[in-house]
Amino acid sequence: MKVGDLVKYKNLHGHVVDGKFISKSWVGIVVEKGIYTGNNDVKVSWNNAICTECSDSLEVISESR
């Protein structure tokens, strides 16, 4: 996983609201790699925010060139 890759949450990961995974269909772009609080190692720009995420919970759907 590298900066510029398009990613989405793997199955059974994501944000839950009212018992539903609301973010399973979100697509984001990796904007930064590093070491962040909570064992997170990438920053992802989602539709509405930039969040730190654990790359183990994400899958690459389109690699940057």
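None of the values given here were measured: they were computed from a predicted structure. (Residues numbered from 1 in each chain as written. Predicted model: local features only at pLDDT ≥ 70, side-chain atom pairs only at ≥ 80, totals over all residues. Heavy atoms only, no water.)

Right, let's talk about the packing of aromatic side chains for a bit. Here a ring pair, both rings aromatic, is described through the centre-centre distance and the interplanar angle of the planes. Evaluation of the coordinates by the stated rule reveals two aromatic pairs. For the pair Y9 and W46, a centre-to-centre distance of 5.0 Å together with 10° between the ring planes defines the contact as stacked. With Y9 in strand β1 (residues 6-9) and W46 in the loop between β5 (40-45) and β6 (50-53), this residue pair connects regions lying 37 residues apart in the sequence. By relative accessible area, Y9 is classed as buried at 5%. The buried category is assigned to W46, whose relative accessible area is 4%. Three or more aromatic residues joined by ring pairs make a cluster, and in this case those are Y9, W26 and W46. (Phe/Tyr/Trp six-rings, centres within 6.5 Å; stacked < 30°, edge-to-face > 60°. Helix = DSSP H or I, 4+ residues; strand = E, 2+ residues; numbered from the N terminus. Buried < 20%, exposed > 50% of the residue type's maximum accessible area, 1.4 Å probe, protein only.)

An order of β6-β5-β4-β1-β7 is seen for the five strands of this open sheet, with the pairing classed as antiparallel. Sheet topology places β6 and β7 (58-62) at the edges, where each strand pairs with a single neighbour. Averaged over all pairs of adjacent strands, the angle between strand axes in this sheet comes to 45°, irrespective of strand direction. Inspection of the sheet shows β5 paired to β6 by four bridges, in the antiparallel sense. From the neighbouring strand, V44 faces β6, where its bridge partner is C51. (Pairing = 2+ DSSP bridges. Axes fitted to C-alpha atoms, helices over the stretch in contact; angles between N-to-C directions.)

Here the focus is the nonpolar core. Nonpolar side chains tend toward joint burial in soluble globular proteins. Membership of the largest hydrophobic core is limited to seven residues, which are V7, Y9, V30, V42, V44, W46 and L58. Residue assignment for this core shows that the elements contributing at least two residues are β1 and β5. (Core = buried A, V, L, I, M, F, W, Y, C linked by side-chain atoms within 4.5 Å.)

What follows covers the side chain of N40. Tracing the chain through its elements places N40 in strand β5. Not counting the four nearest positions on each side in its chain, N40 is found in contact with G34, I35, T52, E53 and C54. (Contact = heavy atoms within 4.5 Å.)

On to a nonpolar patch on the surface, then. Where nonpolar side chains cluster on the molecular surface, the patch consists of L6, V27, I29, V31, I50 and I61 and spans about 470 Å² of accessible area. For L6, the location among the structural elements is in strand β1. Overall, L6 belongs to the partly exposed group, its relative accessible area being 32%. (Patch = residues over 30% accessible without salt bridge, like charges linked within 9 Å, V, L, I, M, F, W, Y side chains within 5 Å. Areas by Shrake-Rupley, 256 points an atom, 1.4 Å probe, with all protein chains shown as cover. Salt bridge = Lys/Arg side-chain N within 4 Å of Asp/Glu carboxyl O.)

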